[in-house]
Amino acid sequence: MLVQSKVARVALFACLLMAFCAVPAFAAEEGAHGKSIIDLAKTTGWVGVLMAITSVVGTVLLILYVIEIRMDKLAPPTLTKEIGDAIEEGDLDKALEVAMSERCYFGQIMAGGLMLKEAGYEQMVNGMEQVAAEEAFKLNARISNLSLLGNIAPLLGLLGTVTGMITSFQKIETMKAPTPADLAVGVYESLVNTTCGLFLAIVFLTAYFFMKNKVTKLSLNANLMAVEMLKNTGLYEKVGHH
């Protein structure tokens, strides 16, 4: 129930955010061409519905990623403190137990290293790095949904362009002397769909690369923190490091 409530709140916020951002643009369009928001929405046809769904899904995902992919989520301060205290006390079994009790990024990579405590420091670091690579891959796979939506959006816009041209040619076929006004609906469908598709692509691809850089930075910081903790296990000096 808590997760469903959280998702519902995020979805509501996403819809409000999209509406807030879209109103000024459509208002400017209305003032320049005499088209209302409803009129412009109607011109997009069924392709516009698909793009609206894409925009809502992408916005909800982006907000969820911004909320969940943070340092205090990947490496909770209470967890890092408990593991650090256990290592300082020389109780590696307790540190491993604490690390395995959490499914977060830092807990997983520390567990991957501490599980090889009997093999020595070098093997612990290697184990930690392998798990870190797997966890980073999972995070990047999650945010790749933004890239997927960013690549789908212009294709939907192109599809809307084609359907708009089909609408225009259907008008021409059924009229002996079509006027520009008769073709306006199809042209509007083409141009509005193309504009919306490109806009969504720019937003979601930009958000994807922003989140990708954020994942890289946060995972690197967590990895460095884990290495420093492993150095305090007492096994670091045994391999001849000073």
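For clarity, every value in this text was computed on a predicted model and none was experimentally measured.

### Quick notes on the environment of G157
1) Next: Looking at where G157 falls in the secondary structure, it is placed in helix α8 (residues 121–174).
2) Next: Given the relative accessible area of 2%, G157 is considered buried.
3) Next: Along the chain, G157 and C196 lie 39 residues apart, while their C-alpha atoms are 6.6 Å from each other.
4) Next: Discounting residues that sit within four places of it in the chain, G157 has contacts with M51, N193, T194 and G197.

### Re the pattern of salt bridges
1) Next: Under the defined criterion, the tally for this structure stands at six salt bridges.
2) Next: With a closest N to O distance of 2.9 Å, D72 and R70 form a salt bridge.
3) Next: Its relative accessible area of 37% is what places D72 among the partly exposed residues.
4) Next: A relative accessible area of 29% places R70 in the partly exposed class.

### Notes on a negative patch on the surface
1) Next: Residues E88, E89, D91 and E97 make up a contiguous surface patch of negative charge.
2) Next: With respect to the secondary-structure elements, E88 resides in helix α5 (residues 77–88).

### Some thoughts on the nonpolar core
1) Next: I83, F106, I109, M110, L114, L146 and L230 are the most contacted members of the largest nonpolar core, which has 48 residues in total.
2) Next: Of all the elements in the fold, those that place two or more residues in this core are α3 (45–68), α5, α6 (92–100), α7 (105–114), α8 and α9 (180–231).
3) Next: A total of 13 residues in this core trace back to one element, the largest contributor, which is α9.
4) Next: Ignoring any residue separated from it by four or fewer positions in sequence, one finds L146 in contact with G58, L61, L62, Y65, F204, A207, Y208 and M211.

### Thoughts on the confidence of the model for the protein chain
1) Next: Per-residue pLDDT for the protein chain averages 80, and the proportion of residues at 70 or more is 75%.
2) Next: Across the protein chain, the element-wise mean pLDDT spans from 46 in helix α1 (residues 2–33) up to 92 in helix α4 (residues 71–74).
3) Next: Note that pLDDT drops below 50 for residues 19–32; the model gives that stretch eight contacts with residues more than four away or on any other chain.

### Observations regarding a nonpolar patch on the surface
1) Next: Taken together, the side chains of W46, V49, L50, I53, V57 and L159 define a hydrophobic patch exposed on the protein surface, amounting to about 530 Å² of accessible area.
2) Next: Here the element with the most residues in the nonpolar patch is α3; it accounts for five residues.
3) Next: Along the chain, the position of V57 falls in helix α3.

### A few points about the packing of α7 against α8
1) Next: Between α7 and α8, the shortest axis-to-axis distance is 7 Å and the interhelical angle comes to 150 degrees. Put simply, α7 runs roughly antiparallel to α8. Note on packing geometry: the crossing formed by α7 with α8 is right-handed. For the pair α7 and α8, contact is made by Y105, Q108, I109, G112, G113 and L114 and by M124, G127, M128, V131, A132, E135, A136 and L139, respectively.
2) Next: Among the residues making up the contact of α7 with α8, the classes are represented as nine nonpolar, four polar and one charged.

### Description of α6
1) Next: All buried positions along α6 are accounted for by L92, A95, L96, V98 and A99. Within α6, the buried residues cover an arc of 165 degrees as seen down the axis, which keeps them to one side. Opposite the packed face of α6, turned more than 90 degrees from it, sit the exposed residues D93 and E97.
2) Next: The inward-facing, buried residues of α6 contact α5 and α7.

### Considering the environment of K171
1) Next: Checked against the element boundaries, K171 lands in helix α8.
2) Next: The exposure class of K171 is partly exposed, given its relative accessible area of 33%.
3) Next: Separated by 15 residues in the primary sequence, K171 and G186 place their C-alpha atoms 8.5 Å from one another.

Cut-offs used in this document
- Position numbers for residues start from 1 in each chain and track the written sequence from start to end.
- Predicted model: local features are reported for residues with pLDDT of at least 70 only, side-chain atom pairs are reported and counted for 80 or more only, and whole-chain, interface and lining totals are derived from all residues.
- Side-chain figures throughout are based on the complete set of non-hydrogen atoms in the structure, without hydrogens or water.
- Only runs of H or I of at least four residues qualify as helices and only runs of E of at least two qualify as strands under DSSP, and these elements are numbered from the N terminus.
- Using a 1.4 Å probe on the protein chains alone, a residue whose accessible area is under 20% of its type maximum counts as buried, one over 50% counts as exposed, and one in between counts as partly exposed.
- Between two residues, a contact is recorded if the distance between any of their heavy atoms is within 4.5 Å.
- Salt bridge, as applied in this entry: a Lys or Arg side-chain nitrogen positioned within 4 Å of an Asp or Glu carboxyl oxygen.
- Every patch collects residues that have over 30% relative accessible area and no salt bridge, joining them within 9 Å if they carry like charges and within 5 Å if they are nonpolar side chains (Val, Leu, Ile, Met, Phe, Trp, Tyr).
- Per-residue and other accessible areas were derived by the Shrake-Rupley procedure at a 1.4 Å probe size, with only the shown protein chains allowed to occlude residues.
- We score Asp and Glu as negative and Lys and Arg as positive, and we do not count His or the chain ends.
- Just so you know, the charge point we use is NZ for Lys, CZ for Arg, CG for Asp and CD for Glu.
- Remark: nonpolar core denotes a set of buried residues (Ala, Val, Leu, Ile, Met, Phe, Trp, Tyr, Cys) joined through side-chain atoms within 4.5 Å.
- For every residue, the predictor reports its confidence as pLDDT, a number between 0 and 100.
- A fitted line through C-alpha atoms serves as each axis, taken over the contacting stretch for helices, and the angle formed by two N-to-C directions is quoted from 0 to 180°.
- For classification purposes, angles smaller than 35 degrees are called roughly parallel, those larger than 145 roughly antiparallel, those between 65 and 115 roughly perpendicular, and all remaining angles oblique.
- With the far helix as reference, a near helix turned anticlockwise by less than a right angle produces a left-handed crossing, and one turned clockwise produces a right-handed crossing.
- Residues are sorted three ways: Asp, Glu, Lys and Arg are charged, Ala, Val, Leu, Ile, Met, Phe, Trp, Tyr, Cys and Pro are nonpolar, and all the rest, Gly among them, are polar.
- Picture the helix axis, draw a direction to every C-beta atom, and the arc is the one those directions span.

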